[in-house]
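# A closer look at the structure
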Amino acid sequence: MEIKIINKSQHDLPNYETIASAGMDLRANLETPITLNPLERAIIKTGLFIELPIGYEAQVRPRSGLAAKKGITVLNSPGTVDADYRGEIGVILVNLSNQTFLVENGERIAQLVIAKHERATWVEVSELSETSRGEGGFGSTGNK
């Protein structure tokens, strides 16, 4: 699949690190580093602009290593870049640790996954089919 991209960053285009990778790393495109204090959030720009085909979205997801090692993750995860959006891709980073974190230019801050999606049509009915779970909500399928 080919996707049109404009790269106004100082960095190479995102790429798949291995043949089986689902996501491509997004890098911070900053003139000056940004400090994220504990529980602080910021939109970090990437310098990337894309044109997705209709029926696809780009999902902005956390990097597991950054989350596990530093407590840095992506809010509204996964963030969605819609096919009709033409603005710069930004990443909403949050610091969930108890230490400050410095976001530097070129830092790998998130990953981007291209995903196909469907459009649904609602069909209003008066009842839904029965299942063994029924109306059981959060935690209703057990603890282990």
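Everything below is about the structure printed above this text.
The following refers to the structure shown. (Residues numbered from 1 in each chain as written. Predicted model: local features only at pLDDT ≥ 70, side-chain atom pairs only at ≥ 80, totals over all residues. Heavy atoms only, no water.)

With that out of the way, let us pick up the nonpolar core. Counting residues in each nonpolar core, the largest one holds 24 residues, and the members touching the most others are Val60, Leu93 and Val103. It is strand S11 (residues 108-116) that contributes the most residues to this core, three residues altogether. If we ignore the near neighbours within four places in the chain, the residues touching Val60 are Leu26, Val74, Ser77, Pro78, Gly79, Val81, Ile89, Val91, Ala110, Gln111 and Leu112. (Core = buried A, V, L, I, M, F, W, Y, C linked by side-chain atoms within 4.5 Å. Buried < 20%, exposed > 50% of the residue type's maximum accessible area, 1.4 Å probe, protein only. Helix = DSSP H or I, 4+ residues; strand = E, 2+ residues; numbered from the N terminus. Contact = heavy atoms within 4.5 Å.)

Before going further, it helps to examine the environment of Val91. Along the polypeptide, Val91 turns up in strand S9 (residues 90-95). Apart from the residues within four sequence positions on either side, Val91 is in contact with Leu26, Ala42, Ile43, Ile44, Thr46, Val60, Val74, Ile109 and Ala110.

With that settled, the discussion passes to the side chain of Thr46. One can find Thr46 in the loop between strand S4 (41-45) and strand S5 (48-51). Exposure remark for Thr46: the relative accessible area of 1% places this residue in the buried category. A polar contact of 3.2 Å, which involves the side chain of Thr46, links it to the backbone nitrogen of Leu48. With sequence-adjacent residues up to four places away left out, Thr46 is seen in contact with Ser9, Leu26, Arg27, Asn29, Glu88, Ile89 and Val91. (Polar contact = N/O pair within 3.5 Å; in protein donor to acceptor, adjacent residues only side chain to side chain.)

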